[in-house]
Amino acid sequence: MKAMKPPKKPLLFYYGIILVVILLLNSFIFPVIFQKQVKEVDYGTFLTMVEKGDVQKVEIEDHYILFNSAAGNNKDSYYRTGVVDDPKLVDRLHEADVQFTKVIPRENSPFLNFILTWILPLLIFIAIGQWFAKKMQNKMMGGGNTLSFGKSKAKVYVEAKIGVTFADVAGQDEAKEALQEIVDFLHNPKKYKEIGAKIPKGALLVGPPGTGKTLLAKAVAGESKVPFFSISGSEFVEMFVGMGAARVRDLFKQAQEKAPCIVFIDEIDAIGKSRNSGMAGGNDEREQTLNQLLTEMDGFDADKGVVILAASNRPETLDKALLRPGRFDRRVPVELPDLAGREAILQVHARQVKLETDVDFNLIARATSGASGADLANIINEGALRAVRFGRDRVTQNDLEESVETVIAGYQRKNAVISMKDKLTISYHEVGHALVAAKQSHSAPVHKITIIPRTSGALGYTMQVDERETVLMSKEQALDKITTFMGGRAAEEVIFNTVTSGASNDIEQATKIARAMVTRYGMTEEFDMMALETVNNAYLGGDSSLIVSAETAAKIDDVVLKIIKTCHQKAIHILEENKDILHELTKYLIEKETLSGEEFMQILEGQ
Ligand code: ADP
Ligand code: MG
Ligand code: ZN
């Protein structure tokens, strides 16, 4: 809620007013002499001029005499001379028949004097003070006035402004269903009360980054016709001790006044982290905020119609107290999209761009297994940008495929300088991957081979796209995958009888799979189905730690190495047997730099 805004007159406006006032006063106080040309002369000259009758008019002031001449080419010019104690001056002037007056010094009115010397400086002082105070406050509070200390910064969304509906969220049907029930409850609570059902107080959206958690919450805001408070967990954590708790209190107070309504706390792990985790001593401020949140969640009656939504991609770090029934008692998983989900997400985002009619979303979806909704939205946008770059007014299939590669592997580095020898090595390496993949029965078909370097550092790569998506990986598939990763290095060995650094990424990937086979999938004789590892962070990369003794860890390494060695030998064997076709494919690849899956198959089948 935004506090009342101070009137928006720029400071310059006030300075302008002050300037005008000063100018006006000046023109009153100072006589007009500034506007005339005045010549200084000595008293003798003055007297001579008077005697000669050259002087027309004299004004005697306190400290000087001002006069103008009446004769010759000096007519109308003004002169000034000092005042001399000259008792005969009046007589002389009289004799010369000159008009003369004594000017009475102008007195400023006492009122004006008072304003000038007291009120005006005071006003300027106050104005500057106020300005600084406001600036400081804005810095510390992010707007508002002093009274808004401890006010929550939750923004109230109104459904008309949000414009996001469930239709904008593709896939995620289970999550949508769960949330739709909550929206329905807020609209007709009677239906639920009559049967005695209690609606959950809170729902926690959990899942990897970019899967649409925030988007889903916005859709809830768009669909429900009730006020929607949205705040991010990190906004509770403040510079001042105690502010977080105050913010929570204020948020819930506002929510209860506006009930029925929805409160959404994004990235709740910022405050909801388990209280006994972290550094020794913990973080008192965060703990206080969390305690306040727990208290508030207990304190209000869900029947009133306040529903709390929260999102997190690290649910395992959340405090258990937050997850117990009566608080966030409903967990809504928002997982990475499957094949159908990816296709649907692509379609949702493609609504906003102009597409060629032959675009095949299914193929793009198949090529992007593991991509999140945010990645897919990015792919569509990159494709549209590419179309513009090439001066087209429609996005083509090629644009989208290229942007898949951009998102996966980075932009093309067109001006990278690569020697012919390196290019040859890279080509054999990539064809090695592709050929090994093609000669195994459990590998996904090759979709594309390219040796165009990428900004990510990849010098070339081979893309495989599965026909169908499988959720399970068999032991054979796992081994074939490792063998395919070995194919690049194997080709270098078979052809050049030497090795290069180009296989570093392959090595990393292959080792990851081999290790998982041993420690997590139970795919080896040696360890059978023994649990050796736990996964800590399922939604954020899934780093895991061994739960075994040091000797066992050493044995695990041995088994992993054995798997990799076996696969490496198999890859070399395949390539030795198909050396001719390896040369042939490489020749084409060097020439064209990119081979499509069909071209690859045609050459392979000897056409
Ligand atoms: P997070 O789960 O990290 O909160 P967001 O909700 O912020 O992810 O998603 C980021 C963007 O990704 C969204 O703005 C949207 O464009 C896109 N996106 C993610 N998931 C979906 C989806 N299921 N349907 C449509 N767009 C999605
Ligand atoms: Mg988010
Ligand atoms: Zn490689």
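The structure contained in this document is the topic of the report that follows. (Residues numbered from 1 in each chain as written. Chains lettered and ligands numbered in written order. Predicted model: local features only at pLDDT ≥ 70, side-chain atom pairs only at ≥ 80, totals over all residues. Heavy atoms only, no water.)

Structural notes on the packing of aromatic side chains
Here is step 1 of the chain: Counting across every chain of the model gives 7 aromatic pairs.
Here is step 2 of the chain: When the ring of Tyr43 is compared with that of Phe46, the centres are 5.6 Å apart and the planes differ by 55°; the resulting orientation is tilted. Highlighted residues: Tyr43 and Phe46, both in helix α2 (residues 43–52), separated by 3 residues, approximately one helical turn. Per residue, the accessibility class of Tyr43 equals that of Phe46, and both read buried.
Here is step 3 of the chain: When the ring of Tyr428 is compared with that of Phe496, the centres are 5.5 Å apart and the planes differ by 85°; the resulting orientation is edge-to-face. Placement of Tyr428 in helix α17 (residues 420–438) and of Phe496 in helix α18 (residues 475–496) is noted, with a sequence separation of 68 residues between them.
Here is step 4 of the chain: Cluster of aromatic residues (ring-pair linked, three or more members): Tyr43, Phe46, Phe67 and Tyr79.
Here is step 5 of the chain: The ring of Tyr64 has Arg80 sitting right over it, with the charged end atom 4.6 Å from the ring centre. (Phe/Tyr/Trp six-rings, centres within 6.5 Å; stacked < 30°, edge-to-face > 60°. Helix = DSSP H or I, 4+ residues; strand = E, 2+ residues; numbered from the N terminus. Buried < 20%, exposed > 50% of the residue type's maximum accessible area, 1.4 Å probe, protein only. Lys NZ or Arg CZ within 6 Å of the ring centre and 35° of its normal.)

A closer look at the packing of helix α13 (residues 339–350) against helix α15 (residues 373–389)
Here is step 1 of the chain: Contact geometry for α13 and α15: axes closest at 9 Å, N-to-C directions at 45°. One element, α13, and the other, α15, form an angle in the oblique class. The interaxial crossing formed by α13 with α15 has right-handed handedness. Only Gly373, Leu376, Ala377 and Ile380 of α15 make contact with α13, whose side of the interface consists of Arg342, Ile345, Leu346, His349 and Ala350.
Here is step 2 of the chain: Broken down by class, the residue content of the contact of α13 with α15 amounts to 6 nonpolar, 2 polar and 1 charged. (Axes fitted to C-alpha atoms, helices over the stretch in contact; angles between N-to-C directions. Parallel < 35°, antiparallel > 145°, perpendicular 65-115°, else oblique. Left-handed = near helix turned anticlockwise from the far one by under 90°. Contact = heavy atoms within 4.5 Å. Nonpolar A, V, L, I, M, F, W, Y, C, P; charged D, E, K, R; others polar.)

Some thoughts on α13
Here is step 1 of the chain: Helix length check: α13, at 12 residues, gives a terminal C-alpha distance of 16 Å against a target of 16 Å (1.5 Å per residue), a fit within 8%.
Here is step 2 of the chain: For α13, the complete set of buried residues consists of Leu339, Gly341, Arg342, Ile345, Leu346, Val348 and Ala350.
Here is step 3 of the chain: On the buried face of α13, the contacting elements are α14 (361–367) and α15. (Expected span 1.5 Å × (residues − 1).)

Re the nonpolar core
Here is step 1 of the chain: By size, the foremost hydrophobic cluster in this structure holds 42 residues, and its most contacted members are Ile482, Val518, Leu575 and Leu585.
Here is step 2 of the chain: Secondary-structure elements contributing two or more residues to this core are α17, β12 (446–450), α18, α19 (504–519), α20 (550–577), α21 (579–592) and α22 (597–604).
Here is step 3 of the chain: Beyond its immediate sequence surroundings of up to four residues, Val518 is in contact with Thr524, Phe527, Leu532, Ile556, Val559, Val560 and Ile563.
Here is step 4 of the chain: Ile182, Tyr192, Ala219 and Val220 belong to the second-largest nonpolar core, a separate cluster that totals 28 residues. (Core = buried A, V, L, I, M, F, W, Y, C linked by side-chain atoms within 4.5 Å.)

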